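So the chains spell out like this:
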Amino acid sequence: MAKTMTLNVWVSGALGDFVAANVGDDGLYENVSEYVRDLIRRDMERAEGETFQRLKAELQHAFAAPDDSYQALDADTVIARGRRRPAQ
């Protein structure tokens, strides 16, 4: 189940003006919470996109390698390698 979190954020000056311009009758968002949630969602999408691009680049590199550079492994060997890796 997702954890609910309350955040208190103080912004002033140009940041406060920018938020105010995006919230309320003249802005795209009804309230600051809605605006912040949208910013967080966009950042999540950006981070996921970066992860996907890194994975895609690694796979493209791997598939570009000549066939004779691959080594056949059985499942037990792959599992054993996974157990030796440090936790990330």
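Criteria and thresholds
- Residues numbered from 1 in each chain as written.
- Predicted model: local features only at pLDDT ≥ 70, side-chain atom pairs only at ≥ 80, totals over all residues.
- Heavy atoms only, no water.
- Helix = DSSP H or I, 4+ residues; strand = E, 2+ residues; numbered from the N terminus.
- Buried < 20%, exposed > 50% of the residue type's maximum accessible area, 1.4 Å probe, protein only.
- Salt bridge = Lys/Arg side-chain N within 4 Å of Asp/Glu carboxyl O.
- Phe/Tyr/Trp six-rings, centres within 6.5 Å; stacked < 30°, edge-to-face > 60°.
- Patch = residues over 30% accessible without salt bridge, like charges linked within 9 Å, V, L, I, M, F, W, Y side chains within 5 Å.
- Areas by Shrake-Rupley, 256 points an atom, 1.4 Å probe, with all protein chains shown as cover.
- Arc of directions from axis to C-beta.
- Contact = heavy atoms within 4.5 Å.

1. As for the overall build of the protein
Argument step 1. Scanning the protein from N- to C-terminus turns up three helices and zero strands.
Argument step 2. Secondary structure elements in the protein, listed N-terminal to C-terminal, are α-α-α.
Argument step 3. If one aligns the C-alpha atoms of the protein with their principal axes, the spans along those axes are about 65 × 30 × 20 Å.
Argument step 4. Across the 88 residues of the protein, 8% fall into the buried class.

2. What to know about the pattern of salt bridges
Here the idea is simple: oppositely charged side chains can pair when their charged atoms come close.
Argument step 1. One pass over the full model with this rule turns up three salt bridges.
Argument step 2. One salt bridge in this structure joins R46 and E50, with 2.9 Å as the shortest N-O distance. With R46 and E50 both in helix α2 (residues 32-64) and four residues apart, the pair spans about one turn of that helix.
Argument step 3. A relative accessible area of 38% means that E50 is categorised as partly exposed.
Argument step 4. Each of D43, R46 and E50 takes part in one network of salt bridges that share partners.

3. Points about the packing of aromatic side chains
Argument step 1. By the definition in use, this model includes one aromatic pair.
Argument step 2. For the ring pair Y29 and Y35, a centre distance of 4.8 Å and an interplane angle of 35° mean the geometry is tilted.
Argument step 3. The exposure class assigned to Y29 is buried, which follows from its relative accessible area of 10%.

4. Section: a nonpolar patch on the surface
Argument step 1. A contiguous nonpolar surface patch, about 840 Å² in accessible area, is contributed by M5, L7, V9, V11, L15, V32, V36, I40 and M44.
Argument step 2. The dominant element in the nonpolar patch, judged by the number of residues it contributes, is α2, at four residues.
Argument step 3. Relative to the helices and strands, M44 is located in helix α2.

5. Observations concerning helix α1 (residues 13-22)
Argument step 1. Looking at α1, one finds that the buried residues are G16, V19 and N22. The arc enclosing the buried residues of α1, seen along the axis, measures out at 130°, which places them on a common side. Facing away from the buried side of α1 by more than 90 degrees, the exposed set consists of A14, D17, F18 and A20.
Argument step 2. Among the structural elements, α2 are those in contact with the buried residues of α1.
Argument step 3. One or two residues past the end of α1 sits G24, with phi positive at roughly 95°.

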